[in-house]
Structure formats: structure tokens, C-alpha cells
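# Architecture at a glance
If you want the building blocks of each chain, they are given just below.
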Amino acid sequence: MNEPNDITVTSRALSLISHKLKTPLSIINGYSEAILSQAKKEKFSPFTSKALEEINKQGGRMSLLVDKLMAFNKVTAAQTEGIEKQTVYLKNLIKDCAAKAIAQEEETPAPAPVTDDTSVKRGTFVEIDCPEHLSVTANEEMLRLCIRELLANAIKFNNKMEKIIKVQCANHGDTISISVRDYGAGIRPQDVNRIFEPFYQVDDYFTGQISGWGLGLPMVKRILDLHDGSISVVSDRGLGSIFTINFPVL
Ligand SMILES: Nc1ncnc2c1ncn2[C@@H]1O[C@H](COP(=O)(O)OP(=O)(O)OP(=O)(O)O)[C@@H](O)[C@H]1O
Ligand SMILES: [Mg+2]
């Protein structure tokens, strides 16, 4: 019998940890939600209400972290197990991912500057520029993970009141590209080279307040590798970033 190698052992450990965390977390989240929605809030002291809301909020955040760990692990496993691909039409998929990314942001908003200026628009707006019938040959679930991750980052590392995200798809003949542009925090050149390393997060005042593992971009990179695709970044600190993923036309 073959001895499992280090990668297999790590991957099994991650899978086990995330599955073991899932059950207690769903109980914590389920009960805190039930108490918050069923009981009459005025019966609680302000301290109890605040504590319950915080338990519920942090439980939700932890669930997202566990989901990310599980997704990363699944993609890592696919490196040896392989993937199934199908024709995926991009426009509707991106619309759906954008709606979900915005809904998720509303549950766990990133810190935004406070202003009294009521002329400043608030909110996240995703503009999609994609030919109607453009498709790629890809694993749909993994493609969704890529787009959700790039959108989530574009929203998360952005403390503007009005967050404009532009998604553009293009057919270059032998490749199809999808780029996600934001006008948020941007990344310094010395960090751009490192953001695809697992667990790397740019450690500064703003990003340090935001939850995550530093697993999203390494996961996207692995997904692109599984599709013989690529990912590139153009970024300017303070001006924003453009992440572009490319899929080969098969
Ligand atoms: N659009 C972006 N704008 C500015 N910085 C970014 C952007 N996308 C990624 N980064 C930087 O790259 C780092 C790595 O990104 P990655 O998605 O891998 O991790 P994360 O978002 O911090 O955590 P996770 O994805 O596991 O929730 C981030 O911590 C952040 O510092
Ligand atoms: Mg991320």
C-alpha cells in the first residue's frame, strides 16, 4: 500500500477540520438566529441583544471562513482527481455571482469612512460588459468560485462609499478573458508578487481589519491551472486593481 504524501495528509487534515467545525457552527448560528427572530427583543437587556447579535454575526463570518477552507481543499484535491468541463455562458453566470457578492457584503459590511456629505452615493454597483452568447469551456462550479472571489475582493478591499466594480469579458480568438476592475485600495508592487501564495494577506491598517484566510487568490490560481488558463493583475496603490483571468478556447 502507498504511504500518503504530505500534501494528501494536509489536505485530509483540512477537510476533517472543516467538516468538524461545520456542525457546531451551524448549531450556534441556528440557535442565535432563532432566538433573535422569535423572542421579543424588548425583553432583552441592551447587553443581551448586543451579545446575541455579535454571536450571530461572528458565527456567520466563521461559517464563511470554513466554506472557503472547504472550497480551497476541493480545488486542491481536483489537482490529482481532475475536473469535468462544460460550456458555460458567461453573462448570466456573472450577473448571478454579482447579485450574490452584493448580498453577502450586506451581511458582513467592510469598514467604510463616515461622512455627513449626503451628495455622496453609497452602495456597490457592478457593471457588466459581456457579449450575450460568449461562453467558455470550464467547470461551472469552479468558474463561479473564481468570479465570486474576484468580486468579493474588489468589494472587500475597498473603503469607498460608492464602490464601482466593472466586469468585462472579451473574446481574443484563442482565449476568452474576464477582467474585474475596482477603484479600491490597490496593491503595492512588492505585494503583487506574493498575493497568490497561500495565507498571504497584505498586512496594513485597512486590510488587517478584514476577515479571510489569504486563500481566495491561491484557489483562483489553482482553478486556472486546472483549465490551462492564467491570471494577471494590474494594480496601483490607492487607485485600484484589475484582475484578469484567461481561459483557452478549446
Ligand atoms: N481587489 C483587491 N484590492 C486590493 N487588495 C487585494 C485585492 N484582492 C486581493 N488583495 C490583497 O491580496 C490578499 C490576498 O487575497 P486573497 O483573496 O487570497 O485573500 P483574502 O481575501 O484576504 O482572504 P480569503 O480570500 O481567504 O477570504 C488580500 O489579503 C489583499 O491584501
Ligand atoms: Mg479573498
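For the structure, see preceding data.
Anyway, here's the lowdown on the structure attached to this text. (Residues numbered from 1 in each chain as written. Chains lettered and ligands numbered in written order. Predicted model: local features only at pLDDT ≥ 70, side-chain atom pairs only at ≥ 80, totals over all residues. Heavy atoms only, no water.)

### Topic: the coordination of the magnesium ion (ligand 2)
Distances from the magnesium ion (ligand 2) to its protein donors, E149 (OE) and N153 (OD1), fall within 1.9 to 2.3 Å. Residue E149 and its partner N153 are both found in helix α4 (residues 140-156); the two are separated by 4 residues, about one turn of the helix. When its relative accessible area of 6% is taken as the criterion, E149 is described as buried. You can call N153 buried: its relative accessible area is 12%. (Donors = N, O, S within 2.8 Å, 3.2 Å for Na, K, Ca; no water. Helix = DSSP H or I, 4+ residues; strand = E, 2+ residues; numbered from the N terminus. Buried < 20%, exposed > 50% of the residue type's maximum accessible area, 1.4 Å probe, protein only.)

### With respect to the sheet that holds strand β2 (residues 123-129)
Taking strand neighbours across the sheet as the criterion, the 5 strands line up as β2-β4-β5-β7-β6 in an open arrangement whose pairing is mixed. Looking at the sheet topology across the chains shown, the edges are occupied by β2 and β6 (230-236). The sheet shows a mean angle of 15° between the axes of neighbouring strands, taken without regard to direction. As paired elements, β6 and strand β7 (residues 240-248) share 7 bridges and run antiparallel to each other. Directly across from I231, in β7, lies its bridge partner I245. Those strands touched by α4 are β2, β4 (162-171), β5 (175-182), β6 and β7, and its axis lies near 25° from that of β5. Sheet strands touched by helix α6 (residues 216-226): β6 and β7. Its angle to β7, the strand with the most contacts, is close to 25°. (Pairing = 2+ DSSP bridges. Axes fitted to C-alpha atoms, helices over the stretch in contact; angles between N-to-C directions. Contact = heavy atoms within 4.5 Å.)

### Brief notes about the environment of S235
Within the secondary structure layout, S235 lies in strand β6. By relative accessible area, S235 is classed as buried at 19%. Here the side chain of S235 touches I187 through a polar contact of 2.8 Å, landing on its backbone nitrogen. At 3.2 Å, the side chain of S235 forms a polar contact with the backbone oxygen of G240. (Polar contact = N/O pair within 3.5 Å; in protein donor to acceptor, adjacent residues only side chain to side chain.)

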